[in-house]
Each structure stands twice: as C-alpha cells, then as structure tokens.
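# A structural walkthrough
Each chain, letter by letter, is given below.
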Amino acid sequence: RLVQLGKELVASAMGDGKVQDLRAYRDGLLISILAFRPLRVGNLAGLRVDRHIEVHGDNVLLRIPGEETKNRQLLECRLPRELVISFERYLNDVRPRFLHAERHNGLWPSSKGGPLSTSRVQQIVIRRTTAAFGHGVNAHLVRDIAATTLALARPDQALLARDLLGHSRFDTTEEHYL
C-alpha cells in the first residue's frame, strides 16, 4: 500500500506530461523510496545530492557514509529500477523548481527554500498516509512493516531484514522488529 501511495502521488502530480504539483511529486517519491528502502528517517531526510546520490545510467545508488549512520557502518542501496525514471525526473525537473533549491544540496527541498528537516519528513509521511489510509504511518513503522513483511513472506530469508534495515547485528533486528 505504501508503494502504491507513492506511485499515486507521483502520477497525481503530472498533467499534460509535465509536473504540476511539485510537493506531491516529491512526497510520492520520498514515500516510494522509504517503502522500498526503509532508511532511518534522519538518513532519508539528510540525503544530499552531491554527497549521497550516484547515478550511473539506469542505476541509482544511495551511499551513506558510516559517520552518518546509527551503527557507524557504510549504508549502500540501489533504488529499484521502477523508481529510476521518476527519480531522474525529480533530480532534473522537479527539485530545481522548488524555491532556492539551487542554494542547497538537500535532496528534499521545502517550499520555503531550504532542505526538509527530519521532523518535516516525518510529518509529510504521516500526513500523506493519514490522508490515504485513514491513519498515520510514521517512518519508523515503515521499517517495522518492511521487516515483518519480509519475515512473513519469506521466513527462510528473515535474516535479510538485518541488511534491509541497515543493522550491524541480527539481534537488533529481532529484538526491535520481528
């Protein structure tokens, strides 16, 4: 449902082949990335175009250095191919149209001219999920949903939840999420 919400928001932002609602596009892409790659909200909000994003053809790599992660380990993940076109459009067309986006390198610009804060990203996720589902889903709950979904769908691969959530030990994943 989260992936679908992200897709719907991106699609709703489009009209006549052009992006007409910058915030809906940004929020939809943000939710889609969170659903596929359940980063901690601080890392998601802290993504910087010139520091954490690598685009190589039809591959987009998110690379967060260890000094910026909770467990102090490098976190790398590729965006799913189904998000690459939307992500590239966002970088090249949507993001630059936000007020003063050229003045900062935050991936998620606010309408007020700076990058979104961690608390603002959290508010956006909750507001958009409340509107869509009738109840809010915060970014931390998305991580819980991802780990639980993986464990239920593929019990034989539940250990992968550790990597999905960027934990250094499976004990942490098991204690807090499964």
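Residues numbered from 1 in each chain as written. Predicted model: local features only at pLDDT ≥ 70, side-chain atom pairs only at ≥ 80, totals over all residues. Heavy atoms only, no water.

## A short note on the nonpolar core
What counts here: For this analysis, a nonpolar core means a set of buried residues of the types Ala, Val, Leu, Ile, Met, Phe, Trp, Tyr and Cys, connected via side-chain atoms within 4.5 Å. Exposed residues in this analysis have more than 50% of their type's maximum accessible area, buried residues have under 20%, and partly exposed residues fall in between, with area computed by a 1.4 Å probe over protein chains only. By the criteria applied, helices consist of DSSP H or I runs no shorter than four residues and strands consist of E runs no shorter than two, each listed in order from the N terminus. The criterion used for residue contact is that any of the two residues' heavy atoms lie within 4.5 Å.
Ranked by size, the top nonpolar core spans 44 residues in total, and within it Ile 33, Leu 44, Phe 87 and Trp 108 carry the most contacts. Those elements that place two or more of their residues in this core are helix H1 (2–12), helix H2 (22–36), helix H3 (41–45), strand S4 (59–64), strand S5 (75–78), helix H5 (81–94), helix H6 (118–133) and helix H7 (139–153). Take this core: its biggest share by element is eight residues, from H2. If near-sequence neighbours (up to four positions away) are discounted, Ile 33 is found in contact with Pro 38, Leu 44, Leu 62, Leu 79, Leu 83, Phe 87 and Trp 108.

## A word on the layout of surface pockets
The cut-off we apply is this: Think of a 1 Å grid over just the protein atoms. A cavity is a set of points where a 1.4 Å probe fits yet cannot get out, a pocket is an open set with protein on both sides within 12 Å along at least five of seven lines, and lining residues have an atom within 4 Å of a point. Grid points are joined across faces, edges and corners, and a volume is the space filled by probe spheres set on the points. Amino acid classes used here: Ala, Val, Leu, Ile, Met, Phe, Trp, Tyr, Cys and Pro are nonpolar; Asp, Glu, Lys and Arg are charged; the rest, including Gly, are polar.
When its volume is computed, the largest pocket comes out at roughly 250 Å³. Along the wall of the largest pocket there are twelve residues; nearest its centre are Val 3, Ala 35, Ile 145, Ala 146 and Thr 149. Among the elements of the structure, H1, H2 and H7 are those that each provide at least two residues to the lining of the largest pocket. Ranked by residues supplied to the lining of the largest pocket, first place goes to H7 with five residues. A per-class count over the lining of the largest pocket returns ten nonpolar, one polar and one charged.

## Topic: the environment of Gly 136
By the secondary structure assignment, Gly 136 is in the loop between H6 and H7. Classification of Gly 136 by relative accessible area gives partly exposed; the value is 36%. Spatially, the C-alpha atom of Gly 136 lies 7.8 Å from that of Val 125, the residues being eleven residues apart in sequence.

## Regarding the packing of H2 against H6
Cut-off, in case you're wondering: Think of each axis as a best-fit line through the C-alpha atoms, taken over the contacting stretch in the case of a helix, with angles from 0 to 180 degrees between the N-to-C directions. The scheme is simple: roughly parallel for angles under 35 degrees, roughly antiparallel for over 145, roughly perpendicular for 65 to 115, oblique for anything else.
For the pair H2 and H6, the least separation of the axes is 10 Å and the interaxial angle reads 95 degrees. With respect to H6, the axis of H2 lies roughly perpendicular. In this structure, H2 uses Arg 23, Ala 24, Arg 26, Asp 27, Leu 30, Ile 31 and Leu 34 to contact H6, whose residues at the interface are Val 121, Ile 124, Val 125, Arg 127 and Arg 128. Among the residues making up the contact of H2 with H6, the classes are represented as seven nonpolar, no polar and five charged.

## Some thoughts on the packing of aromatic side chains
How we decide: Here a Phe, Tyr or Trp ring, Trp counted by its six-membered ring, pairs with any other such ring whose centre lies within 6.5 Å, and the pair is stacked when the planes are under 30 degrees apart, edge-to-face when over 60, and tilted otherwise.
The final tally for this structure, using the stated rule, is two aromatic pairs. With centroids separated by 5.4 Å and ring planes inclined at 40 degrees, the aromatic side chains of Tyr 90 and Trp 108 adopt a geometry described as tilted. Taken together, the residues Tyr 90 in helix H5 and Trp 108 in the loop between H5 and H6 connect sequence positions 18 residues apart. With respect to burial, Tyr 90 and Trp 108 carry one shared label: buried.

## Let's talk about H7
Under the convention used in this document: The span expected for a helix works out to 1.5 Å for each residue beyond the first. By definition, the arc is the one covered by directions from the helix axis to the C-beta atoms. Pairing of N or O atoms within 3.5 Å defines a polar contact, subject to two protein rules: one partner must be a possible hydrogen donor and the other a possible acceptor, and residues neighboring in sequence count only if both atoms are side-chain atoms.
Between its first and last C-alpha atoms H7 spans 21 Å; for 15 residues at 1.5 Å apiece the expected length is 21 Å, and the two agree. Residues Ala 139, Val 142, Arg 143, Ala 146, Ala 147 and Leu 150 constitute the buried set of H7. Projected down its long axis, H7 shows its buried positions confined to an angular sector of 135 degrees, all on one face. Where H7 begins, the side chain of Asn 138 points an oxygen toward the backbone nitrogen of His 140, at a separation of 3.0 Å.

## Here's the deal with unusual backbone geometry
A positive phi angle is found at Asp 16, which is not glycine, with a value near 55 degrees. Inspection of the secondary structure puts Asp 16 in the loop between strand S1 (14–15) and strand S2 (18–19). With a relative accessible area of 79%, Asp 16 lands in the exposed category.

## A short note on the sheet that holds S4
Filter applied, for reference: By this definition, two strands are paired if DSSP reports at least two bridges between them.
Read from one edge of the open sheet, three strands run S3-S4-S5, paired in antiparallel fashion. Here the strands that pair on one side only, and so sit at the sheet edges, are strand S3 (53–56) and S5. Taken over all neighbouring pairs, the strand axes of this sheet differ in orientation by 20 degrees on average, direction set aside. Here S4 pairs with S5 via four bridges, running antiparallel. By the bridge assignment, Leu 62 is partnered in S5 with Cys 77. Lying over the sheet, H5 contacts S3 and S4, oriented at roughly 110 degrees with respect to S3.

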